[in-house]
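Observations on chain architecture
Given next are the chains, with one letter for each unit.
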Amino acid sequence: MTAQTAVPAPAAHEVVDDLVRGRVAGQSLEAPFYTSEEVYRRDLDVIFARNWIFVAAAAEIPEPGDYVTVDVGEYSVIVVRDDDEQVRAFHNVCRHRGSRLLPERQGAVGNIVCPYHRWTYGVDGRLRFAESQPATFDTTCFSLRPVHVRDLAGLVFICLAEQAPQDFDAVAEVLEPHLRPYELGKAKVAATYDLAEAGNWKLVMENNRECYHCDGHPELITAYFPLFAYEAEDITPRLKPLYDRYVKAAEALEKIRAAHGLPLTDHRELDTRVVGFQLSHLPLDGEGKSFAPNGGAVCRTLMGQVQDAAFGDLSLHLQPNSWFHLLSDHAVVFSVLPTSTGTSTLRTTWLVHPAAVEGVDYDLDALTAVWRATNDQDRALVAGTQAGCSDPGYVPGPYSMVEDDVEAFVNWYVTRLREAIA
Amino acid sequence: MTAQTAVPAPAAHEVVDDLVRGRVAGQSLEAPFYTSEEVYRRDLDVIFARNWIFVAAAAEIPEPGDYVTVDVGEYSVIVVRDDDEQVRAFHNVCRHRGSRLLPERQGAVGNIVCPYHRWTYGVDGRLRFAESQPATFDTTCFSLRPVHVRDLAGLVFICLAEQAPQDFDAVAEVLEPHLRPYELGKAKVAATYDLAEAGNWKLVMENNRECYHCDGHPELITAYFPLFAYEAEDITPRLKPLYDRYVKAAEALEKIRAAHGLPLTDHRELDTRVVGFQLSHLPLDGEGKSFAPNGGAVCRTLMGQVQDAAFGDLSLHLQPNSWFHLLSDHAVVFSVLPTSTGTSTLRTTWLVHPAAVEGVDYDLDALTAVWRATNDQDRALVAGTQAGCSDPGYVPGPYSMVEDDVEAFVNWYVTRLREAIA
Amino acid sequence: MTAQTAVPAPAAHEVVDDLVRGRVAGQSLEAPFYTSEEVYRRDLDVIFARNWIFVAAAAEIPEPGDYVTVDVGEYSVIVVRDDDEQVRAFHNVCRHRGSRLLPERQGAVGNIVCPYHRWTYGVDGRLRFAESQPATFDTTCFSLRPVHVRDLAGLVFICLAEQAPQDFDAVAEVLEPHLRPYELGKAKVAATYDLAEAGNWKLVMENNRECYHCDGHPELITAYFPLFAYEAEDITPRLKPLYDRYVKAAEALEKIRAAHGLPLTDHRELDTRVVGFQLSHLPLDGEGKSFAPNGGAVCRTLMGQVQDAAFGDLSLHLQPNSWFHLLSDHAVVFSVLPTSTGTSTLRTTWLVHPAAVEGVDYDLDALTAVWRATNDQDRALVAGTQAGCSDPGYVPGPYSMVEDDVEAFVNWYVTRLREAIA
């Protein structure tokens, strides 16, 4: 029926290759990066199946047999504490006929028993028992398929690739001394919840990477000095009192951390390495302690070995999918996981000192209020951007002077995609 | 893995090209026209993004700053009255990072302010303010992207193409004298509602273009003479009394319109020009006034400058997506907009004289009863046809003698698709 | 934009061809067989549109004009009893503009009248009336499009192909003498219901074809001897009493059936012919009668001409989509029909003697309890397997020694697909 001379249309993957190669720096991505199925599949393959992904706090699985399951795209991964107290990770799929093994979000098991035909695996992944097999059946050939896993000072990362990026060790070495005082691995999980985002995972990340929109976060901004990306010469007379307060708080924080013998340096390697990250020590406004109104504390018991409530915010950003706020009295950790081209899940977990008692040392609503509100506000902004980027009337626009971390995130992302093409 | 000698399957767009070229006149379209994603995308591109589309009554946005938003496929368009009282249309997307600007169906604004980072546009589309920009930033480069818009005697049409069909001016010249007496632009919106249709947009239009199924509309048919497409020789003795009544009503209508000095001619150019249309002056049965039982009125106040209640029905059909019934005491306007291959939205709006008061001059239920019922009945018929056309057991069937306007709609549609291929 | 030297990716259908050709015996299928749209379309085309499909019990349409409609993929088929008492089948689509004719699951009609424009067909499929047609219109050209249909001893099968597999006659000849005593065609429908399965149709079938998972069916297994696929040498001392009971029950069943003059032979031709099937006469445990606790009866009236309550279970499996349990006091018949790649519908129908009265001869809950429970249990197992097979971490695993009928089902299926490629 069709003329033989027709020029073949480029295949979907070639169109994406061209988009990746042609990305223009300094402006938002072309629409297909947020709307195309082909890009989504590539993101799963190149970003989420090859890089280190933050998936859980180690404090969620304190005892042997405790597990969480994590959905990364179409993957489900079991993260479980082995009897030797190490964290292990396995594909959540039976080696017999493929049944999902653990359908729940979390729990505790002695063995991992398939609900279909009772194939029984240890928490080390080894197949212990399978009925009605011929004499030739070798259980050692049917262990659960392992997934790379690392516990960095109480933060659990997995990598679905055969070869995980080796870069992680060097970054862990930088981060570990900063994280150590908080003893996140021994913390207590005060709360965790999943928010269904109506936007591509990159829009959720880009939203996190700038405070240009922070007028929309009245609860959050009271804690911080709104001077992100300001240089000394940007300080107008009207801003001078605020700026002076900021300088004083920064000096106080530096003194306190020095007294603890803790490293003070910030790090910004957001798009200059495979395990891209940024670590900042941010002084807080008001009382300078935590997220309560006027910078007050939200928990009476301080984290780990922290001894001073005015300990600022250790803010950590990791590519591609996580960020963390560590304060003197609690920590909040965030992971973004894609669920479809236009949807993703934001998981938020609040950690407190293991001895902190709800209703005595902290009020759960007060502890979680700021980030529940902030997440909801961001959810609406992300949904509106997904809608707009899906409109054929969308064209990429320029980043402002205070969106350099968005640009860094996009650079990191595009660099990974370009490496994969090459 | 695959043999090198395989003959490549034709690409999806080539299959559609062949369907378009091979369309057989006189019978319903092949199934893919109602069920294929590729045809749907082509309909959006060739029909809805290149032609004049009816989207709103001007009466919905009477004051400067009043706006409606309209979804055409994946496009969202802001239709807003500018401070100079002209109607403007813009893509509903921020020029910064693509956020949807106005998420509501309608409202009133001073400026159009992006909810994400507060970029602020005038209702003329110009960017008035954007924070944290470098000195080199030129606001004139970031106006909202405009969409062609025309207000034809109170009916608002948009065209998403770069170049809109010029044919519109000639059609407007024909229609304007017929529409003028109703003063639709000054009318009051009595009611508007959206009906979610479970069928491809073309099935909704085809359903509107014939009365072969009108036995299913008991409320509607009492107003009309059921003699569509009848010739004098078709009048049997049993039909004679009805026919005589019709002739008498038609003569009376002609006399009344002549007394108003109004044009009497009907026009039928459904598939003979790009802006295809049909305009008919239909006498009504019974009292001959409006849609109340026995042809009675549904509103005490007559439209615009209309002075005689027995003014018939000015019935207007426009390709590709609208129809209109203008009566002495109210008007009903309809637009069909595609939402997916198998779904669409029918928007119905009732207009009355601006001085008509609900509960005094008209009862809202009585005003809207006939077309609410008719729309619901048609919805079921369209849904059943979408289901049947999606069945591999479907084959196109022949149009009857009273489905010539369906054929004309399909001809118009296929002609546009053939032009686009050529 | 794209390099001219790119090697074209294989088309979707070529990828599936390769999967079909490369299928490895003895283990579960590759993931795309359960998750790919391309395989789903091929299953509809090669399996469901070319083979004999069980769709209804004849007892559902006892009188002329009684009909059921059946959805097979995107097909809807009317199965109706004609005035001559024969069962007919037609595509459920009007020959005019394609409206669905009968939207209900079942009912009774004099004629089949299209709800759109009143085209009127007899229950023999002939067009009897269509209004407003030209003189040249020939009704005989617009009969409903027929579908092959067979009533095998009260079980209704359809085939959507032009040429139905001729193999059916030979299988019918084998089965008919076994089915005859139950008089299914004259039975009464006690209950029927549809269960929405969250799994590909093949997972539902594979689940039915083994009892390796039957520990999960506590209600069902009490009736059966759990010795499926056991050889005499597999009987351990612990199993000896059970085995002796089984041998005694089997001998008793043989004697009873001989007294009825009924064939005793089992048949297993699951993957050795196009109309693959298996017929087994299974003795029951306990009272040996039916599915009540301890093998008791669930209905006082025996089926058809059956005269002995301890009549065992005539278990019938048919490829690709059905199974049947015929007992002395009732029958349960099952069909699986695909609704999307990852979903399907399981229809279960319970039949009893036409004179059996609900509340007197049988309690409806007791009659249906075992298979309602079993279906629900299987539904969860199938859903878990669909989830696991959709995980990129899935790899095919080996069948155990008691899953040979699963292997036979898969062999039958892959053989059909290979024939279609050749």
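Keep in mind it's a predicted model, so treat the numbers as computed, not measured.

1. Here we look at the relation of the copies chain A and chain C
Superposing chain A onto chain C takes a rotation of 120° plus a shift of 0.0 Å along the axis, which leaves an RMSD of 0.1 Å. The superposition operator between the copies reduces to a three-fold rotation axis.

2. Here we look at empty space enclosed by the protein
All names here are of chain C. Considering all chains together, one arrives at 14 cavities of 30 Å³ or more under this definition. Computed from the structure, the largest cavity encloses a volume of approximately 80 Å³. Together, 13 residues line the largest cavity, and Asn51, Trp52, Val275, Gln319 and Pro320 are the ones closest to its centre. Broken down by class, the residue content of the lining of the largest cavity amounts to nine nonpolar, four polar and no charged.

3. As for the interface of chain A and chain C
Of the residues lining the interface, 27 residues belong to chain A; the matching set on chain C comes to 31 residues. At the boundary of chain A with chain C, total buried surface from both sides reaches about 2,400 Å², with 55% on carbon and sulfur atoms. Applying the counting criterion to the chain A and chain C interface returns three salt bridges. Here Glu210 of chain C makes a salt bridge to Arg97 of chain A, at a shortest N to O gap of 2.9 Å. At the boundary of chain A with chain C, the tally comes to 15 residue pairs in polar contact (both at pLDDT 80 or more). Elements that contribute at least two residues to the side of chain A that touches chain C include exactly helix H1 (12–21) and strand S3 (75–81) of chain A. Counting residues per element, the side of chain A that touches chain C draws most heavily on H1 of chain A, at three residues. Grouping the constituent residues of the side of chain A that touches chain C by class yields 10 nonpolar, nine polar and eight charged.

4. Some thoughts on the domain arrangement of chain A
Residues and elements named next belong to chain A. According to the domain assignment, chain A contains domain 1 (24–51 + 168–422) and domain 2 (60–164). With centres defined by C-alpha atoms, the gap from domain 1 to domain 2 works out at 31 Å. Listed as interface residues are 23 residues of domain 1 and, on the opposing side, 18 residues of domain 2. In total, about 1,700 Å² of surface goes out of reach between domain 1 and domain 2, with carbon and sulfur atoms giving 69% of it. Applying the counting rule to domain 1 against domain 2 returns one salt bridge. Between Asp169 and Arg150 there is a salt bridge; the shortest N-O distance is 2.6 Å. The interface formed by domain 1 and domain 2 contains three residue pairs in polar contact (both at pLDDT 80 or more). Listing elements by their share of the side of domain 1 that touches domain 2, those giving two or more residues are helix H3 (37–48), helix H4 (167–179), strand S11 (188–197), strand S16 (331–340) and strand S17 (343–352). For the side of domain 1 that touches domain 2, the element with the highest residue contribution is H4, accounting for six residues. Looking at side-chain class alone, the side of domain 1 that touches domain 2 contains 15 nonpolar, four polar and four charged residues.

5. Quick look at unusual backbone geometry
The omega torsion of the bond from Gln319 of chain A to Pro320 of chain A falls at 0°, within 30 degrees of zero and hence cis. Mapped onto the fold, Pro320 of chain A is located in the loop between strand S14 (313–318) and strand S15 (322–326). Located in the positive-phi region is Ala153 of chain B, a residue other than glycine, with phi close to 50°. As for its placement among the helices and strands, Ala153 of chain B is situated in the loop between strand S9 (148–152) and strand S10 (155–159).

6. Quick word on the packing of aromatic side chains
All names here are of chain C. Inspection of the entire model under this criterion finds 54 aromatic pairs over all chains. Centre to centre, the rings of Phe137 and Phe142 are 5.1 Å apart; their planes meet at 0°, and the pair counts as stacked. Both residues of the pair, Phe137 and Phe142, belong to the buried class.

7. Observations regarding the interface of chain C and chain B
With 26 residues of chain C at the interface, the matching set in chain B holds 30 residues. Both sides of the chain C and chain B interface together cover about 2,400 Å² of buried area, and 55% of this is carbon and sulfur. Put simply, chain C and chain B have three salt bridges between them. Our count for the chain C to chain B interface comes out at 15 residue pairs in polar contact (both at pLDDT 80 or more). Of all the elements in the fold, those that place two or more residues in the side of chain C that touches chain B are helix H1 (12–21) and strand S3 (75–81) of chain C.

8. Concerning the packing of H1 of chain C against helix H9 (residues 404–421) of chain C
Residues and elements named next belong to chain C. In contact at an axis separation of 9 Å, H1 and H9 are set at 130° when each is read in the N-to-C sense. As far as their axial angle goes, H9 and H1 are oblique. When you trace H1 past H9, the crossing you get is left-handed. Of H9, the residues touching H1 (which contributes Asp17, Val20 and Arg21) are Val414, Leu417, Arg418 and Ile421.

Conventions used here
- Residues numbered from 1 in each chain as written.
- Chains lettered and ligands numbered in written order.
- Predicted model: local features only at pLDDT ≥ 70, side-chain atom pairs only at ≥ 80, totals over all residues.
- Heavy atoms only, no water.
- Least-squares fit on C-alpha atoms with pLDDT ≥ 70 in both.
- 1 Å grid on protein atoms, 1.4 Å probe; cavity = no way out; pocket = protein on both sides within 12 Å on 5 of 7 lines; lining within 4 Å.
- Points joined across faces, edges and corners; volume = space filled by probe spheres on them.
- Nonpolar A, V, L, I, M, F, W, Y, C, P; charged D, E, K, R; others polar.
- Contact = heavy atoms within 4.5 Å.
- Buried area = accessible area lost by both parts, 1.4 Å probe.
- Salt bridge = Lys/Arg side-chain N within 4 Å of Asp/Glu carboxyl O.
- Polar contact = N/O pair within 3.5 Å; in protein donor to acceptor, adjacent residues only side chain to side chain.
- Helix = DSSP H or I, 4+ residues; strand = E, 2+ residues; numbered from the N terminus.
- Domains from an automatic or database assignment.
- Phe/Tyr/Trp six-rings, centres within 6.5 Å; stacked < 30°, edge-to-face > 60°.
- Buried < 20%, exposed > 50% of the residue type's maximum accessible area, 1.4 Å probe, protein only.
- Axes fitted to C-alpha atoms, helices over the stretch in contact; angles between N-to-C directions.
- Parallel < 35°, antiparallel > 145°, perpendicular 65-115°, else oblique.
- Left-handed = near helix turned anticlockwise from the far one by under 90°.

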